[in-house]
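A look at the structure
Each chain is listed here by its residues.
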Amino acid sequence: MRAPPRPPEPGLAQATAAPRPRRKRWRPSRALILGGGVLALLVVVAAVAFGPVVRGRVAREAARRHLEVEVGAVRPGFFAVTLRDVRVKPEGVAGLEAHLDRVHVDLTAGDIDVDGGTIAIDGEPEDLADRMKAWRARSGGDTKAAEASRGSKKPVRLDNLALAWKLPSGGEVTGSGIRVTRDESGALTAACGKCTARRDHLALEATAADVEMGADGSFKSARAQAIAVVYDPPRAATPAAPATGTSEPAPPPLPAIATKRGAKGSAATAAPAPPEGPVLPLPDLHALRSRIATGAALVAPRLPDGGKIEIDGLSAKVDIGGEPVAFGPAPFTLSRAGDRVHVAFSSSSGESEPGAKGTTPLSIDAEIPLAGGDVDARLAGGPVSLALLGVKEGTKGLTDVTRGTVSGKGRVVLASGGEALTFDGQVALRSISLKQPKIAPEPMRGIDLAVSARGVLDDKGKLRLDDAQVDMGALHAKAHGTIEETPDHFAVSLNLDVAPAACQSLLDSAPQGLLPTVRAARMVGVFGANVSLAFDTRTIDKLVLDYRIDDQCKMHEVPRELSRDHFTGTFTYRTYHPDGSLGETATGPGSASWTALDDISPFMISAVLTTEDAGFYRHHGFNHAAIRSSVAANLKARRFVRGASTISMQLAKNLFLARDKALSRKIEEVILTDYLEQIFRKDDLLELYLNVVEFGPDVYGVTQAAEHYFGRKPEELNVLECYFLASLLPSPIRYGKMWEKGEVSETWTRHLHALMAIGAKNGKISHAELDEGLKQAIVFVKPGDPRPEPRKPVNTTRRDPYEDNDAAWRPLE
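Attention here is on the structure that accompanies the text. What you see is a predicted model, and the numbers here were worked out from it, not measured in a lab.

So, about the overall build of the protein. From N to C terminus, the protein includes 16 helices and 31 strands. For the protein, the residues scored as buried account for 39% of the 813 residues in total.

Listed below in structure tokens is the structure:
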């Protein structure tokens, strides 16, 4: 059999197959190549010519609108053109120029978009307004014709702009994130991410603010997320510190001469000091009404009827007394209805705050006339926490502001002519915590205070209080009267009544921390008072100061350190070193530093009664005549120049209280003075006083003073030495440094002689003792000096001509 034929090999079959026809490669014709080259050339030529064409069109449009425009670069787009680094300036208007980073123009719709740039302004608003008004007058015809030729206005959008405005008179306006949009109708919307205006000591910062304007340029509305107002007044120059040389200080003023009622004094009355600024900063009503009228005149043409400005969070930061006080943010609205503008400022309701459910917002709203008419402002609402009002922790010493609340209700009306301001309202503070060293050295908590007032302030500077009341727990004080202040005088006529209340209830009403020394005491009795005060700085000598105090308060339970038994043996009390650091000194009957009253030179007693408290044996802790004299002297000088502290008051301070100048210390000083007068005899008080009072740097008590200055015992001191020690008491640290110099100047010696003469006139020493004292000299003893020869104890009669006479007395004026 024949084998089947083998299939041909693939390669061989392809090799023997018929050849395929070859395809021709495409080649462009010369005509097509030439056409493409021409097209490319046209594109290049068009691109090269595009810039000048656009610049020419921009120049023509700018000239038509009286603008100066410079274009840095031109970039073509798809039916659009982009201009970069564009400078725009109104023709002939100095101080106004815009530098725009990118301007995109849609060639089909005509829309203009600007992205990035800065608007630079230099000039006062009034001057710029006049320049722009003149520019509009020049360019108005051409601009209107151009707009008419184009029909409706083309949309314009400007975004991400910055503002830099300098005021030649001082101040600036800056802004960032500025956006301006104009739609086809011509309505304008302007927004600012953050804009700040500063001038003099006032700054205003707006966040997320926008304004809507109508096509005719009328104001529609304004809104801001937040506006902060900060006022930082100029600081008064700090007076230069007095020189700290070694010269001897001037002696204190001489005490008055005591006399019985009806006796005529011979001391000259000092003339009142010239005014050094207002005592009570009453507002100038005409100036206030004028400022309101000026503000209304600015608002009237810019805020149409029905227009509204809304601020989600208005805050203010004002410097008061050298300390910043901040309020807000809180909602604020300003709207117009007819010829009146309504202003409203309201706190948050507090519904979102923990524990604040059900609180009522506290609002302030006012009606301001755009023409004539009264300005009417009202307060209503609360209680609302201080935190919701925007009061920051630590503002004016306020703490725990989330717990403290305020509520109020009232109305203030400013007459259309500024001739009078009437007011009637009340404010209540609850659970307030305060840390204010001028009031108390310790933080105060639980302050519940309500204040109400009704009256009128006229344009002559006269404030009439028809009814004013302060309530704090069991304390209810009412006042009425008048206060008048003009450039040449200050006058007061007030009557104050404190309603009778249980003494313990009054003590319990004091905030925690206000009266730390006496807080633990228990009191019985009732307290009430009535005070009448009337004076005019032009006739201070006619001062009226009458007070009737019904004080039946007695402490029947006191801490150990306040008890009478505490002072029957050795005890310690607070003292101070010359550098102000705190120390403790031990004294008391039986101790080496204690000298009984009978063993102290009688001249020492005469001296302190002359210099410190001439009526010590007649008053019950408070010298009413001295208080009146002190008030008159301080009013004459328009500053504090004389106190009215008695020996009992000084003793209360030395035994129990710190040296701070807080109001709480003065209140406790009064309470403790009354207490000391109740539990001690006068001689016991004087003995305590002389053994604890400060006579110089680290020199406490008469025993140590006699040894330190003269190397003697208290019983040996002569007239001049006693009057010298008493002369140190007004400022022992300062005056006690005379010992370091080793001698007393002639000026101080004359002062001592004058003190002894007053002592003789007041009957504290005899004329023979005065003559003897005038012959004596002050001889200091220093460490290492030999001790002087001992003297016999002074043996003279202790005298006080009015000791058994309850007749009133007064110092000579």
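This part takes up the environment of E612. Tracing the chain through its elements places E612 in the loop between α6 (602–611) and α7 (624–637). Considering only alpha carbons, one finds E612 and Q650, 38 residues apart in sequence, at a separation of 9.5 Å. Within polar-contact distance, the side chain of E612 engages the side chain of Q650 at 3.0 Å.

Given a rise of 1.5 Å per residue, 17 residues ought to cover 24 Å, and the 25 Å separating the end C-alpha atoms of helix α9 (residues 663–679) matches this to within 8%. When we look at burial in α9, the residues that qualify are S664, R665, E668, E669, L672, T673, D674, Y675, L676 and E677. Buried residues belonging to α9 abut β25 (544–551), β26 (554–557), α8 (647–656) and α10 (682–692).

At the junction of G382 and P383, the peptide bond is cis and its omega measures out at 5 degrees in the coordinates. Along the chain, P383 falls in strand β15 (residues 375–385). The backbone phi angle of H66 is positive, close to 55 degrees, even though this residue is not glycine. In this fold, H66 is placed in the loop between α2 (30–64) and β1 (67–77). One non-glycine residue, D85, lies in the positive phi region at around 50 degrees.

Across all of its chains, the model carries 15 aromatic pairs by this definition. Ring centres of F567 and F656 lie 5.9 Å apart, and the angle between their planes is 75 degrees; this geometry places the pair in the edge-to-face category. Taken as a pair, F567 in the loop between β26 and β27 (571–576) and F656 in helix α8 lie far apart in primary sequence, 89 residues in all. A relative accessible area of 7% means that F567 is categorised as buried. F656 gets classed as buried once you look at its relative accessible area, which sits at 9%. Between Y709 and F710 the ring centres are 6.2 Å apart and the planes differ by 45 degrees, which places this aromatic pair in the tilted class.

Moving on, we come to the pattern of salt bridges. The tally for this structure, following the rule as stated, stands at 29 salt bridges. Among the ionic pairs, E97 bridges to R87, the shortest N-O distance being 3.3 Å. Residue E97 is located in strand β3 (residues 96–106), and its partner R87 is located in strand β2 (residues 80–90); the two are separated by 10 residues in the primary sequence. Judged by relative accessible area, R87 falls into the buried class, the value being 15%. Where E310 meets R223, a salt bridge forms, and the shortest distance between an N and an O atom there is 2.9 Å. Highlighted residues: E310 in strand β11 (residues 308–320) and R223 in strand β9 (residues 219–231), separated in sequence by 87 residues. Owing to a relative accessible area of 27%, E310 belongs among the partly exposed residues under this scheme. By relative accessible area, R223 is classed as partly exposed at 37%. Linked by salt bridges that have partners in common, R223, K308, E310 and D312 make up one network.

Here strand β21 (residues 475–486) runs beside strand β22 (residues 489–502); their pairing, made up of 10 bridges, is antiparallel. If you follow I483 over to β22, its bridge partner there is V492. Adjacent in sequence and paired antiparallel, β21 and β22 are bridged by two residues. Pairing of β22 with strand β24 (residues 526–536), which is carried by 10 bridges, proceeds in the antiparallel orientation. Its bridge partner lying in β24, A502 is registered against V526.

Close contact between α6 and helix α12 (residues 719–727) brings their axes to 8 Å; oriented N to C, the two are set at 40 degrees. Judged by the angle between their axes, α6 and α12 are oblique. The hand of the α6/α12 crossing is right-handed. Note on element contacts: α12 touches α6 through V719, C722, Y723, L725 and A726, opposite F603, M604, S606, A607, V608, T610 and T611. For the contact of α6 with α12, a count of residues per class yields nine nonpolar, three polar and no charged.

Now for the nonpolar core. Counting 88 residues, the largest nonpolar core has M604, L686, L690, Y709, F724 and L725 as the members making the most contacts within it. Looking at which element gives the most residues to this core, the answer is α12, with seven residues. When residues no more than four places from it in sequence are discounted, the contact partners of L690 are L597, I600, M604, I605, V608, F695, G701 and V702. In this structure, L128, M132, W135 and C195 belong to the second largest nonpolar core, which totals 24 residues.

Thresholds, definitions, all that
- Residues numbered from 1 in each chain as written.
- Predicted model: local features only at pLDDT ≥ 70, side-chain atom pairs only at ≥ 80, totals over all residues.
- Heavy atoms only, no water.
- Helix = DSSP H or I, 4+ residues; strand = E, 2+ residues; numbered from the N terminus.
- Buried < 20%, exposed > 50% of the residue type's maximum accessible area, 1.4 Å probe, protein only.
- Polar contact = N/O pair within 3.5 Å; in protein donor to acceptor, adjacent residues only side chain to side chain.
- Expected span 1.5 Å × (residues − 1).
- Contact = heavy atoms within 4.5 Å.
- Phe/Tyr/Trp six-rings, centres within 6.5 Å; stacked < 30°, edge-to-face > 60°.
- Salt bridge = Lys/Arg side-chain N within 4 Å of Asp/Glu carboxyl O.
- Pairing = 2+ DSSP bridges.
- Axes fitted to C-alpha atoms, helices over the stretch in contact; angles between N-to-C directions.
- Parallel < 35°, antiparallel > 145°, perpendicular 65-115°, else oblique.
- Left-handed = near helix turned anticlockwise from the far one by under 90°.
- Nonpolar A, V, L, I, M, F, W, Y, C, P; charged D, E, K, R; others polar.
- Core = buried A, V, L, I, M, F, W, Y, C linked by side-chain atoms within 4.5 Å.

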